[in-house]
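Below, each chain spelled out in residue letters.
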Amino acid sequence: MWMCCFLKDWRRGQRRKPQAGGCAGGARRGGVTICTPAGPPLAPFTLPGRDMTDYEAATAFLGEWGRFQREVFFLLCLSVVPNGFCGMSVVFVADTPAHACLIPARANLTAAWRNSSAPRRSRCSRYRLEDVRRFSDAGLLPGVDVDLANVSTEGCLDGWEYDRSVYVSTIVSEWDLVCENRWKKPLTSSLYFGGVLAGSLISGQLSDRYGRKIVLFVTMAVQTLFMLLQVFSPSWPVFCAMFFVVGLGQISIYMAAFVLGTEILGPRVRTVYSTAGVSVFFGVGYMLLPLFAYFLRDWRKLLLGLALPGFLCVPFWWYIPESPRWLLSQGRVEEAEDVVRAAAKRNGIEPPPVIFRPFQRELQCESRRTHNICDLLRSGNIRWVSLTLWLLWNVVSIAYFALSLNTANLHGNAYLNSFGSALVEMPAYALSWAMFRWCSRRLSLFSTLFMGGVFLLFIKLIPDHMVYFAITLEMLGKFAVTTAFAIVYAYTAEIYPTVVRNTALGACSMVSRIGSIIAPYFIYLRSYSDSLPYILMGSLTALSGLLSLLLPESYGMPLPDTIAHMQHFPGCCGKEPYSLAYSEETRNVFRPPLNQDEKAEE
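Residues numbered from 1 in each chain as written. Predicted model: local features only at pLDDT ≥ 70, side-chain atom pairs only at ≥ 80, totals over all residues. Heavy atoms only, no water.

Take the state of the cysteines next. The final tally for this structure, using the stated rule, is 2 disulfides. The residue that forms a disulfide with C101 is C156, at a sulfur-sulfur distance of 1.7 Å. Across the S-S bond linking C101 and C156, the dihedral sits near -50 degrees, which makes this disulfide left-handed. You can see C101 sitting in strand β3 (residues 99–101) and its partner C156 sitting in the loop between β5 (153–155) and β6 (160–162), a full 55 residues away along the chain. With relative accessibility at 4%, the residue C101 sits in the buried group. Here C124 engages in a disulfide with C179; their sulfurs sit 2.0 Å apart. Here the S-S torsion is close to -95 degrees, and the disulfide linking C124 with C179 is therefore left-handed. Here C124, found in the loop between α5 (111–115) and β4 (125–127), pairs with C179, found in the loop between α7 (171–175) and α8 (184–210); they are 55 residues apart in sequence, far enough to count as distant. (Disulfide = S-S within 2.5 Å. Helix = DSSP H or I, 4+ residues; strand = E, 2+ residues; numbered from the N terminus. Buried < 20%, exposed > 50% of the residue type's maximum accessible area, 1.4 Å probe, protein only.)

This is the structure:
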């Protein structure tokens, strides 16, 4: 394989050698001469190096961390905080309180028989009420005068009574989603993630077609409105229908904010934003959820409290601009320049008379073509990248959401367990930023996925009496999986080009929702075997880590703008940054006029 890679690199190098006398005029960019057509020469424009794209070079005068970048960074991060609320609110909204069959007051049982009206550890059956009433009236004592093993049982014909010490009410206690209806609880979470899947499918394409900003704010309004409507749900089906739309809005907000910040911010700030920035603020929302739930123990009041912060995002509209990269990809050069000039004004910088040079305008000819999700499978290279990333996203989603939803089943206080599960994500996001800043993308993703799988597999090797050590291993697994989730988001945004970046993120997120939809049923497997969920999650996570080694490396590479700029799959054959001078589009645009001899040679 190394010989194949060597020959491939040698052939590329041969194609890159400039032809003698082939330039009528040119400029040096990153050590490469770019040929320009005959006529008035272009103003010289020198790239600082080959690790910068032309857009980044053209906007380099803005600086990395001016007032404009700070506003965009923090406002986009703040817009993600409500996602942490609603994303995991089902942990408390749909938790199952301790419950038992209801014994109606009219039964008039003695205290002894009321306390022994159901078989031990049974929540879905009781002793036949007529028999129990007869024993009670006769003055017989349970377990002394009556052998309870010989008493017939019946279902909870009068409903259930629920423990109110932890929750005033949840959707489980309000609509009796227990016993024969207990299948509705995991289905509630799955329908929410079904909405996330639908949002992943449509929001990326809408964002690539109509713009990042408009999709961001429209979906903010959708999420807030439907969370408010959930508060007034009269039944479980209506609640689930609203929850589906909330899920659709939730992922659309996250993806639009993620891509918008990735495309506006400079390379160094982009790394912080895409790994630690949005993830930390999502984690802040997740950490605030148990605090809200502790003080608002009625599910309707809790949802109302979680929906209201969405209105605080309305003023962001006047401070967050549209992505200039996206505007350029749509051929709207004047609007892109207006955004950059406004940014320069906020930073107190005088912009140059012309920001985007003619060669950058011509480069958009391929970008102006409408792209859709089919482009992710159209050519062999992008197809293999897409299929590999879809598998990775699916596995990471299963592990992350299954471990998050499992906090209610851990030993101890539900609020503290949820807070601990959220808290462990903070150092995970910090580690993801450090790894993304200084380490190989492939090795970072491989190490976090593989170690996460190993931690989960080790859980069932721990003796039953060492429950806190088992919880520690589960939290370490959650730590590793969360780190991988933050890395794979940013890694995906780096691999795909601008023209399909949001569509690609949407497709990856859409496919991963298959994993999040079935994640609640991984936890449901505990009813058959406590070990089965950890064995399945651990094995899948470790194997996906090995699979990630096939992806192309993007560390130190410029963001690709077109599909032709993408790195090659598999990534084990090395990496090579694209050069504007030698991409197919630019080779045709900047080719000098041929003289008669050259025409004859062609």
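From this point, things continue past the structure.
Take the environment of Y286 next. By secondary structure assignment, the location of Y286 is in helix α11 (residues 267–295). You can call Y286 buried: its relative accessible area is 0%. Put simply, Y286 and S421 are 135 residues apart on the chain and 9.0 Å apart in space, counted from C-alpha to C-alpha.

Moving on: the packing of aromatic side chains. Enumeration according to the criterion identifies 25 aromatic pairs in this entry. Measuring from centroid to centroid gives 5.5 Å for W65 and F73, while their planes differ by 85 degrees, and the two rings are edge-to-face. An aromatic cluster is defined as three or more aromatic residues linked by ring pairs; in this entry it consists of W175, Y192, F193, F239, F243, W299, W393, Y400, F401 and F485. Over the ring of W317 we find K213; its NZ or CZ atom is 4.2 Å from the centre of that ring. A cation sits over an aromatic face here: R297 above Y294, 4.5 Å from the ring centre. (Phe/Tyr/Trp six-rings, centres within 6.5 Å; stacked < 30°, edge-to-face > 60°. Lys NZ or Arg CZ within 6 Å of the ring centre and 35° of its normal.)

Our next topic: the side chain of Q223. Within the element layout of this structure, Q223 appears in helix α9 (residues 212–231). Other than its neighbours up to four places away in sequence, Q223 contacts P82, N83, C86, V246, G249, Q250 and I253. (Contact = heavy atoms within 4.5 Å.)

Here we take up the pattern of salt bridges. Side-chain pairing between opposite charges can occur once the charged atoms of the two side chains come close. Summed over the entire model, instances satisfying the criterion amount to 15 salt bridges. The salt bridge partner of R126 is D158, with a shortest N-O separation of 2.9 Å. Separated by 32 residues along the polypeptide, R126 in strand β4 and D158 in the loop between β5 and β6 bring together distant segments of the chain. D158 gets classed as partly exposed once you look at its relative accessible area, which sits at 26%. Across the pair E130 and R133 runs a salt bridge whose closest N-O atoms are separated by 2.8 Å. You can see E130 and its partner R133 sitting in helix α6 (residues 129–137), 3 residues apart, about one turn around the helix. Overlapping salt bridges, with partners in common, bring together R67, E71 and R346 in one network. (Salt bridge = Lys/Arg side-chain N within 4 Å of Asp/Glu carboxyl O.)

So, on to unusual backbone geometry. Its identity as a non-glycine residue notwithstanding, D176 has a phi of 55 degrees, on the positive side. With respect to the helices and strands, D176 occurs in the loop between α7 and α8. Notably, C179 is not glycine yet its phi reads approximately 55 degrees, a positive angle. Judged by its relative accessible area of 5%, C179 falls in the buried class.

Another point: the packing of helix α19 (residues 441–458) against helix α20 (residues 467–495). Look at α19 against α20: their axes get within 8 Å of each other, and the N-to-C directions meet at 155 degrees. Taken together, the axis directions place α19 and α20 in an arrangement best described as roughly antiparallel. Crossing handedness for the pair α19 and α20: left-handed. Here R441, R442, S444, L445, T448, L449, M451, G452, F455, L456 and F458 of α19 lie close against α20, whose contacting residues are L473, L476, G477, A480, T483, A484, I487, V488, Y491 and E494. Within the contact of α19 with α20, the residues separate by chemical class into 13 nonpolar, 5 polar and 3 charged. (Axes fitted to C-alpha atoms, helices over the stretch in contact; angles between N-to-C directions. Parallel < 35°, antiparallel > 145°, perpendicular 65-115°, else oblique. Left-handed = near helix turned anticlockwise from the far one by under 90°. Nonpolar A, V, L, I, M, F, W, Y, C, P; charged D, E, K, R; others polar.)

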